[in-house]
There are 2 protein chains.
Amino acid sequence: MRFLHTADWHIGKKLHGYDLLEEQTDAFKQILMIAKKEKVEAIVVAGDLYDRSVPSVEAIEVFNRMIVEMNLQEKFPVLAISGNHDSSTRLETGGPWFIQSDFHLNTRLDQAFQPVELANTQFFLLPYFEPISARLYFDNEEIRTIEQAMKEVIAAMEKQFKPNMAHVLVSHFFVAGSEKSDSETKLMVGGLDTVPLSLLESFDYVALGHLHGKNALQAENARYSGSPLKFSLSEMNQKKGVWIVDTQVNETTFEFQEIAPLRDVLQIEGSFKELTTPEIYEAINRENYLHIQLTDRAVIPNMMNQLRQIYPRVIGVERLFGREEQQKSNQAKKEIKTLAPTELVDQFFSEVTGEELTAQQHVWIKENLADIHQAERGK
Amino acid sequence: MRFLHTADWHIGKKLHGYDLLEEQTDAFKQILMIAKKEKVEAIVVAGDLYDRSVPSVEAIEVFNRMIVEMNLQEKFPVLAISGNHDSSTRLETGGPWFIQSDFHLNTRLDQAFQPVELANTQFFLLPYFEPISARLYFDNEEIRTIEQAMKEVIAAMEKQFKPNMAHVLVSHFFVAGSEKSDSETKLMVGGLDTVPLSLLESFDYVALGHLHGKNALQAENARYSGSPLKFSLSEMNQKKGVWIVDTQVNETTFEFQEIAPLRDVLQIEGSFKELTTPEIYEAINRENYLHIQLTDRAVIPNMMNQLRQIYPRVIGVERLFGREEQQKSNQAKKEIKTLAPTELVDQFFSEVTGEELTAQQHVWIKENLADIHQAERGK
């Protein structure tokens, strides 16, 4: 059978303070289009549906619309699990009703051992879990790490394998040797959360969630789908998308299908003057989330505000060759002591605004300073 | 047809810090038993399913189990609305799937105008809403109060009335002239949230939620079910339960069925000595939530702790005839200045514990005070 593998939607996630719900909705629409075009028989979502255990009302609205569209309107069977970012209990609400329309949303370890059978394939939907859950489920005090737990989990799954079917594991953890990006939350310190690839050998395909790059793991039978969007600058050069997987007994193939971002996460480079020159910035897609690398070394007054007026989604500014700040500020300190109050205001104003005070403003300042001076004396 | 009317479950509510999930689960089981015994064809829940817009994980677990049992296991059609304590969006998740098994959970105003038809009855499920929602829905800028909104809402519902059917409104608001308890949250100041009874005349029955006493409103065609549990001392003398309603075209009858609380909310009276005497307290059901009225006037050292050791669920202590405190504490202040350090510790200990220090404890205190004294001098 043919299915689509996605993960790490992180609905409600923000990028440097910017709300991504519009981008997330757009990526979801593309996922649905790919699913229809490729005539998949199921959509697999391998965890981290939400970005937070208590999502905002806005995130819930967006997510609710997505699952209605995917499962009730477009009638796709959905095979999903909770990830480390989801609250399993909060996500569980509605689960027993979802099954009626082939929307399987597993949030508890015990659910992983009842495979969902679709066409020629058994799907084992293993939600993110902590070793304590496995310790209790298997009644085995020795289980302390995810690796130990996974040995038991997989042995229990293998007992359910039907030999004439393909076997797919859907799960959400860190597989040893995978490459990380900046936007994933570390599950645990010290590698206790790591699962060796060798444990996963008996599956025809392992649909992984957790890491945000599709190339994080290169294995014969396992892939991270990656997130549908770039969630950090470190993912700048990643292609985002989904895997289309074809399972046959003893032969499974998969192919990547790209998603074009509504707004990309990119880096641009230039001097402040260049980047604020219309002929130059009009050639740039300024709707994107941009990390700006400035070649200038000089202090630029009110820089961020000026850049944001041209580039509405600046996620960071970097000085490629450092900044003259240190030296300047020492000079400034010396000068300050020798400056008259009106001169100080003059200098402060032009540093902050990049403009000079008008004659009228000078008059106001003088008057105000005189008032303050008199008030001080009167004390 | 016959249905059961309940409301104001407030799952997750605490009573003076005590978790009520066990009591709430017990009351729910009784509701189900009544529903089965009375062979009702539907269960109506008129809002405030949860106590908070963001319920705890524990509250969600309890609620999820309840709806699974009521609808999927016992197969009761469920007709529910969100109340002012619920977050309509958070409660909405799963709603479109619930309908497949006749679990209708309305959280938005627009859903109220598609009645649910069961047997001979049209149910209009009107969730709690703010006037702004009606202003937008009816595109009528004049709507400023719930009363104005309700005029439009009911007119729109009446257009859907089928003459050969009974008409039931399920809603969650304050009907003019109803009596309040202490445990309801005021919806609005100044009576803007009040709906006159006359507006509800065209319905055969109005299943109300919001007020916690079943006798809050005595109308021919409308009742509050009240909460299944007592949520405050002011409800001490209320009978809690559900209404069993029989609708026939042009004749609707209803009867109250009581729920026995797992632990009651009661008041007891006596002197401290009486209430801490085994012969007396062993005759009291000390598992209940108790408000204690003391007849003593004397200061009682460590009173609350002593009472809690006997009565594990004290929700308040009241001095029926006042307390000698004021006078005593002035005396104490004067004495303190004249007391030696060891005497001060003596007095403090017996005030807090109600016991005297032992000889050994006196020795330890003297030694320690001497050490402190020496250390101070050495500085």
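Residues numbered from 1 in each chain as written. Chains lettered and ligands numbered in written order. Predicted model: local features only at pLDDT ≥ 70, side-chain atom pairs only at ≥ 80, totals over all residues. Heavy atoms only, no water.

### Some thoughts on the overall build of chain A
(1) Moving on: Along its length, chain A carries 12 helices and 18 strands.
(2) Moving on: Taken over C-alpha atoms, the radius of gyration comes to 28 Å for chain A, far larger than the 21 Å a tight globule of 379 residues would show.
(3) Moving on: Across its three principal axes, chain A shows a C-alpha extent of roughly 90 × 50 × 40 Å.
(4) Moving on: Considering chain A as a whole, with its 379 residues, one finds that 52% of them fall into the buried category.
(5) Moving on: Taking contacts inside chain A between residues at least 6 apart in sequence as the whole, the part at least 24 apart equals 70%.
(6) Moving on: Per element, the accessible surface of chain A, about 18600 Å² overall, is 49% carbon and sulfur. (Helix = DSSP H or I, 4+ residues; strand = E, 2+ residues; numbered from the N terminus. Rg over C-alpha atoms; globule rule 2.2 N^0.38 Å. Buried < 20%, exposed > 50% of the residue type's maximum accessible area, 1.4 Å probe, protein only. Contact = heavy atoms within 4.5 Å. Areas by Shrake-Rupley, 256 points an atom, 1.4 Å probe, with all protein chains shown as cover.)

### Some points on the side chain of Arg 223 of chain A
Residue and element names in this part refer to chain A.
(1) Moving on: In this fold, Arg 223 is placed in strand β13 (residues 222-224).
(2) Moving on: Lacking a salt bridge, the buried Arg 223 has Glu 220 as its closest oppositely charged neighbour, with an N-O distance of 9.5 Å.
(3) Moving on: In this structure the side chain of Arg 223 is engaged in a polar contact, spanning 3.4 Å, whose partner is the side chain of Gln 218.
(4) Moving on: Reaching out from Arg 223, the side chain makes a polar contact with the backbone oxygen of Ala 219 at a distance of 2.6 Å.
(5) Moving on: Dropping the residues within four chain positions of it, Arg 223 is found in contact with His 5, Tyr 205, Val 206, Ala 207, Leu 208, Lys 214, Leu 217, Gln 218, Trp 243 and Phe 254. (Lys, Arg positive; Asp, Glu negative; His and termini not counted. Salt bridge = Lys/Arg side-chain N within 4 Å of Asp/Glu carboxyl O. Polar contact = N/O pair within 3.5 Å; in protein donor to acceptor, adjacent residues only side chain to side chain.)

### Section: helix α1 (residues 21-37) of chain A
Residues and elements named next belong to chain A.
(1) Moving on: Between its first and last C-alpha, α1 extends 24 Å over 17 residues, near the 24 Å set by a 1.5 Å rise per residue.
(2) Moving on: Among the residues of α1, those classed as buried are Leu 21, Glu 23, Gln 24, Ala 27, Phe 28, Gln 30, Ile 31, Leu 32, Ile 34 and Ala 35.
(3) Moving on: Of the residues one or two after α1, Lys 39 is the one with positive phi, at around 50°. (Expected span 1.5 Å × (residues − 1).)

### Describing the packing of α1 of chain A against helix α2 (residues 57-73) of chain A
All names here are of chain A.
(1) Moving on: At a minimum axis distance of 11 Å, the contact between α1 and α2 shows a crossing angle of 10°. Taken together, the axes of α1 and α2 lie roughly parallel to each other. Facing α1, whose interface residues are Leu 21, Gln 24, Thr 25, Phe 28, Lys 29 and Leu 32, α2 presents Glu 58, Ala 59, Val 62, Met 66, Glu 69 and Met 70.
(2) Moving on: Of the residues that constitute the contact of α1 with α2, the class distribution is 7 nonpolar, 2 polar and 3 charged. (Axes fitted to C-alpha atoms, helices over the stretch in contact; angles between N-to-C directions. Parallel < 35°, antiparallel > 145°, perpendicular 65-115°, else oblique. Nonpolar A, V, L, I, M, F, W, Y, C, P; charged D, E, K, R; others polar.)

### Examining helix α6 (residues 146-158) of chain A
Residues spaced three or four apart along an α-helix point in a common direction, a consequence of the helix completing one turn every 3.6 residues.
Residues and elements named next belong to chain A.
(1) Moving on: Its 13 residues give α6 an end-to-end C-alpha distance of 18 Å, which sits within 8% of 18 Å, the value for a rise of 1.5 Å per residue.
(2) Moving on: Inspection of α6 places Ile 146, Ala 149, Met 150, Val 153, Ile 154, Ala 156 and Met 157 among the buried residues, and these make up the whole buried set. Take α6 and look down its axis: the buried residues cluster within an arc of 155°, on one side only.
(3) Moving on: Along its buried surface, α6 packs onto β8 (121-125), α5 (131-137), β9 (166-172) and β11 (194-195). (Arc of directions from axis to C-beta.)

### Some details on the relation of the copies chain A and chain B
(1) Moving on: Note on the copies: chain A fits chain B at an RMSD of 0.5 Å, the axial shift is 0.5 Å, and the rotation between them is 180°. One copy is carried onto the other by what is essentially a two-fold rotation axis. Relative to the rotation axis, the C-alpha of Gly 94 of chain A is the closest in chain A, positioned 2.3 Å from it.
(2) Moving on: An overlap of 100% is found between the interface residues of chain A and their copies at the interface of chain B, pointing to a shared contact surface. (Least-squares fit on C-alpha atoms with pLDDT ≥ 70 in both.)

### Some words on unusual backbone geometry
(1) Moving on: Non-glycine residue Asp 8 of chain A carries a positive phi angle of around 55°.
(2) Moving on: Looking at where Asp 8 of chain A falls in the secondary structure, it is placed in the loop between β1 (2-6) and β2 (14-15).

### Observations concerning the sheet that holds β9 of chain A
Residues and elements named next belong to chain A.
(1) Moving on: Spatially, the 5 strands line up as an open sheet ordered β7-β8-β9-β12-β13, and their pairing is mixed. Where the open sheet ends on each side, the last strands, each with one partner, are β7 (116-118) and β13. Pairs of neighbouring strands in the sheet enclose a mean axial angle of 20°, with direction left out of account.
(2) Moving on: As defined by bridge partners, β7 adjoins β8 across 3 bridges and the pair is classed as antiparallel. Directly across from Glu 117, in β8, lies its bridge partner Gln 122. (Pairing = 2+ DSSP bridges.)

### Focus: the pairing of strand β6 (residues 103-106) of chain A
Residue and element names in this part refer to chain A.
(1) Moving on: Side chains Phe 103 and Leu 105 of β6 all project onto a buried face; the interleaved residues His 104 and Asn 106 project onto the opposite face, where all are buried too.
(2) Moving on: Two strands pair when backbone bridges link them, and strand β5 (residues 78-81) and β6 are joined in this way by 4 bridges, in the parallel orientation. Looking at β6, one finds that Val 78 is bridged to Phe 103.

### Section: the interface of chain A and chain B
Interface extent is often summarised as the accessible area lost during association of the parts.
(1) Moving on: Facing 23 residues of chain A, the contacting portion of chain B comprises 23 residues.
(2) Moving on: For the chain A and chain B pair, buried surface summed over both sides reaches about 1900 Å², with 65% attributable to carbon and sulfur atoms.
(3) Moving on: The largest share of the area that chain A buries against chain B comes from Arg 90, Thr 93 and Trp 97 of chain A, three residues that together contribute 36% of it.
(4) Moving on: Where chain A packs against chain B, one counts 0 salt bridges.
(5) Moving on: Linking chain A with chain B are 8 residue pairs in polar contact (both at pLDDT 80 or more), by the criterion used here.
(6) Moving on: Those elements that provide at least two residues to the side of chain A that touches chain B are α2, α3 (88-92) and α4 (95-98) of chain A.
(7) Moving on: The dominant element in the side of chain A that touches chain B, judged by the number of residues it contributes, is α2 of chain A, at 8 residues. (Buried area = accessible area lost by both parts, 1.4 Å probe.)

### Examining the nonpolar core
(1) Moving on: In terms of nonpolar packing, the biggest core is built from 86 residues, with Leu 4, Ile 11 and Ile 43 of chain A together with Leu 4, Ile 11 and Ile 43 of chain B touching the most fellow members.
(2) Moving on: Not counting residues within four places of it along the chain, the set of residues in contact with Leu 4 of chain B comprises Ile 31, Ile 34, Ala 35, Val 40, Ala 42, Ile 43, Val 44, Val 242, Trp 243 and Ile 244 of chain B. (Core = buried A, V, L, I, M, F, W, Y, C linked by side-chain atoms within 4.5 Å.)

### Quick word on the pattern of salt bridges
Side-chain pairs of opposite charge can arise where the charged atoms are in close proximity.
All names here are of chain A.
(1) Moving on: Scanning the model with the defined rule gives 34 salt bridges over all chains in all.
(2) Moving on: Here Glu 23 makes a salt bridge to Arg 263, at a shortest N to O gap of 2.5 Å. Taken together, the residues span a long stretch of sequence, with Glu 23 in helix α1 and Arg 263 in the loop between β15 (251-258) and β16 (265-270) at a distance of 240 residues. Assigned by exposure class, Glu 23 and Arg 263 land together as buried.
(3) Moving on: One salt bridge in this structure joins Glu 92 and Arg 108, with 2.4 Å as the shortest N-O distance. Of this pair, Glu 92 sits in helix α3 while Arg 108 sits in the loop between β6 and β7; the two residues are 16 residues apart in sequence, bridging distant segments of the chain.
(4) Moving on: Here Arg 108 falls in the partly exposed class, since its relative accessible area comes to 34%.
(5) Moving on: A network of salt bridges, in which partner residues are shared, links Glu 22, Glu 23, Arg 263, Glu 287 and Arg 313.

### Some details on the sheet that holds β5 of chain A
Residue and element names in this part refer to chain A.
(1) Moving on: Spatially, the 6 strands line up as an open sheet ordered β6-β5-β4-β1-β14-β15, and their pairing is mixed. The open sheet terminates on both sides in strands that have one partner only, identified here as β6 and β15. Ignoring which end each strand starts from, the neighbouring axes of this sheet average 20° apart.
(2) Moving on: The strands touched by α1 within the sheet are β1, β4 (42-46), β14 (241-248) and β15, with β1 carrying the most contacts at an inclination of about 165°.

### Observations concerning the pairing of β9 of chain A
Residue and element names in this part refer to chain A.
(1) Moving on: β9 sits mainly inside the fold: 7 of its 7 residues count as buried.
(2) Moving on: Of the two faces of β9, the one lined by Ala 166, Val 168, Val 170 and His 172 and the one lined by His 167, Leu 169 and Ser 171 are each fully buried.
(3) Moving on: Relative to β9, β8 runs parallel, the two sharing 5 bridges. Counterpart to Leu 125 in the pairing with β9 is Val 170.
(4) Moving on: Direction of pairing for β9 relative to strand β12 (residues 205-209): parallel, over a ladder of 5 bridges. Its bridge partner lying in β12, Leu 169 is registered against Val 206.

### Concerning the domain arrangement of chain A
(1) Moving on: Taken domain by domain, chain A comprises domain 1 (2-258), domain 2 (266-319) and domain 3 (328-378).
(2) Moving on: Relative to domain 3 of chain A, the C-alpha centre of domain 2 of chain A lies at a distance of 30 Å. (Domains from an automatic or database assignment.)

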